[in-house]
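Okay, here's what each chain looks like letter by letter:
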Amino acid sequence: MFKETIRSPFIVLIVFIATLSLSACVASSSSVQTASKQSLYDRVIRTGKIRCAYVVYAPDCIKDPNTGKLSGIGIEAIELVAKKLGLQVEWTEEVGWGTMLEGLQTGRYDLVASLVWTNANRAKLMSFSKPLFYSPIFVFARKGDHRYKGQLEKINSPKVKIVTIDGETAQVVADADFPKSSRLSMPQMTDYSQVSLNIASGKADIALLEQIIADQYLRNNPNSIENISDGKPIRVFPNCWMFNRGEFEFKAMIDTVLEEVINSGAMDKIISKYEKSANELYRVALPYQLPKQ
């Protein structure tokens, strides 16, 4: 009886300590889960920063080779949106078209600030902002090469070589519209002037290019390549910012401010700084009509 009396307080004490330890573990686990479930919106608001990666691709993103300073349509636009939200943009790393998804999925950055064309492959993995503007894509050939002008279906032949960059949307378009044609594939991070150069030099027959990119090359290399699409683009792609799927609050915040930027005319002013010729880029239509006078 005496032994049982002595043992009881110790048992109660052990049970009490074990309960405290278990509670601490549960609380710790709960904190970890809460942190891991923190939304992108919550993290950005808490830190005051949007961590951005970028792909050097004029006119969306231009990098000064001497200072490393970034400029371009996508860069100026995200900095303006961040400023309106009272946030800072933190430039994390330069990426390629084929590697940009990995960094988002592993959490190295929040958003790809260089503007991305939406397509089915990316839509399965990522979310996008509203379009900032649209890019018309045309078929280009060497100057004077009219074999396929007005007969673009003839490009779909093994005898025709299309130059593409790995992971870029023009490659997806080429695979969809001209699956039988051959490829001159270039690695990620290739400068787009090299795509046009391969057409001009005869190493490839066809390239699918934005008019603004082709115009940049033609200003330095006149009479080298030409648009054979008869004025009708083969595709028109929206230019959007890209981030992880499921971040609905973050998307709503970005889209709301972006709409303000577009409706105020600020977006048009940014685009006009980098557009050298009329209609190189297509503006987003305003969501309203002015009353008739």
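Residues numbered from 1 in each chain as written. Predicted model: local features only at pLDDT ≥ 70, side-chain atom pairs only at ≥ 80, totals over all residues. Heavy atoms only, no water.

Here the structure, examined in full by the defined rule, presents three cavities of 30 Å³ or more. The space that makes up the largest cavity amounts to roughly 60 Å³. With three residues, strand 5 (residues 111–117) is the largest single contributor of residues to the lining of the largest cavity. Of the residues belonging to the lining of the largest cavity, the class tally is five nonpolar, one polar and two charged. (1 Å grid on protein atoms, 1.4 Å probe; cavity = no way out; pocket = protein on both sides within 12 Å on 5 of 7 lines; lining within 4 Å. Points joined across faces, edges and corners; volume = space filled by probe spheres on them. Helix = DSSP H or I, 4+ residues; strand = E, 2+ residues; numbered from the N terminus. Nonpolar A, V, L, I, M, F, W, Y, C, P; charged D, E, K, R; others polar.)

Let's shift gears to the pattern of salt bridges. Overall, the coordinates contain 15 salt bridges when judged by the stated rule. A salt bridge links Asp 145 to Arg 147, with the shortest nitrogen-to-oxygen separation between them at 2.8 Å. Its relative accessible area of 7% is what places Asp 145 among the buried residues. Residue classification places Arg 147 among the partly exposed positions, given a relative accessible area of 43%. A cluster of three or more residues bridged by salt bridges with shared partners is formed by Arg 43, Arg 51 and Asp 110. (Salt bridge = Lys/Arg side-chain N within 4 Å of Asp/Glu carboxyl O. Buried < 20%, exposed > 50% of the residue type's maximum accessible area, 1.4 Å probe, protein only.)

Core analysis: the biggest nonpolar cluster contains 81 residues, and Ile 206, Trp 241 and Met 267 have the highest contact counts within it. The biggest single contributor to this core is helix 9 (residues 248–263), with seven residues. Residues contacting Met 267, with those up to four places away along its chain left out, are Ile 73, Ala 77, Leu 132, Leu 258, Val 261 and Ile 262. (Core = buried A, V, L, I, M, F, W, Y, C linked by side-chain atoms within 4.5 Å. Contact = heavy atoms within 4.5 Å.)

Here the focus is the environment of Trp 97. By the element assignment, Trp 97 lies in the loop between strand 4 (88–94) and helix 4 (100–105). When its relative accessible area of 10% is taken as the criterion, Trp 97 is described as buried. When the C-alpha atoms of Trp 97 and Tyr 54 are compared, they prove to be 9.6 Å apart, with 43 residues separating the residues in sequence.

Turning to the environment of Ser 193, a few remarks are in order. In this fold, Ser 193 is placed in helix 7 (residues 192–200). Taking the C-alpha atoms as reference points, Ser 193 and Gln 216, 23 residues apart in sequence, are found 8.3 Å from one another.

So, about a nonpolar patch on the surface. Taken together, Leu 286, Tyr 288 and Leu 290 make up a surface patch of nonpolar side chains, about 330 Å² in accessible area. One can find Leu 286 in the segment after helix 10 (266–274). Looking at Leu 286, the relative accessible area reads 42%, which means it is partly exposed. (Patch = residues over 30% accessible without salt bridge, like charges linked within 9 Å, V, L, I, M, F, W, Y side chains within 5 Å. Areas by Shrake-Rupley, 256 points an atom, 1.4 Å probe, with all protein chains shown as cover.)

It is the rolling of a water-molecule-sized probe over the atoms that shows where space remains empty. Taken as a whole, the largest pocket encloses approximately 460 Å³ of empty space. Lining the largest pocket are 23 residues, and of these Val 56, Tyr 57, Ala 58, Asp 191 and Tyr 192 lie nearest its centre. Elements with a minimum of two residues in the lining of the largest pocket: strand 2 (62–63), helix 7 and helix 8 (211–220). Looking at which element gives the most residues to the lining of the largest pocket, the answer is helix 8, with four residues. For the lining of the largest pocket, the per-class residue count stands at 13 nonpolar, seven polar and three charged. Quantified by volume, the second largest pocket comes out at close to 190 Å³. Lining the second largest pocket are 14 residues, and of these Leu 40, Arg 51, Asp 110, Asn 244 and Glu 247 sit closest to its centre. For the lining of the second largest pocket, the class distribution of residues is four nonpolar, six polar and four charged.

As a further point, take helix 7. Because the α-helix completes a turn every 3.6 residues, residues three or four places apart line up on one side. Inspection of helix 7 places Tyr 192, Val 195, Ser 196, Asn 198 and Ile 199 among the buried residues, and these make up the whole buried set. End-on, the buried residues of helix 7 take up no more than an arc of 155 degrees, which puts them together on one face. Turning to helix 7, the residues buried within the fold contact strand 7 (133–142), strand 8 (161–165), strand 9 (182–186), strand 10 (207–210), helix 8 and strand 11 (225–227). Gly 202, located one to two residues past helix 7, shows a positive phi value of around 85 degrees. (Arc of directions from axis to C-beta.)

With that out of the way, let us pick up unusual backbone geometry. Following Ala 58, the chain continues into Pro 59 via a peptide bond in cis, with omega recorded as 5 degrees. With respect to the element layout, Pro 59 can be found in the loop between strand 1 (49–54) and strand 2. One non-glycine residue, Asp 230, lies in the positive phi region at around 60 degrees. With respect to the element layout, Asp 230 can be found in the loop between strand 11 and strand 12 (235–244). For Asp 230, a relative accessible area of 53% puts it in the exposed group.

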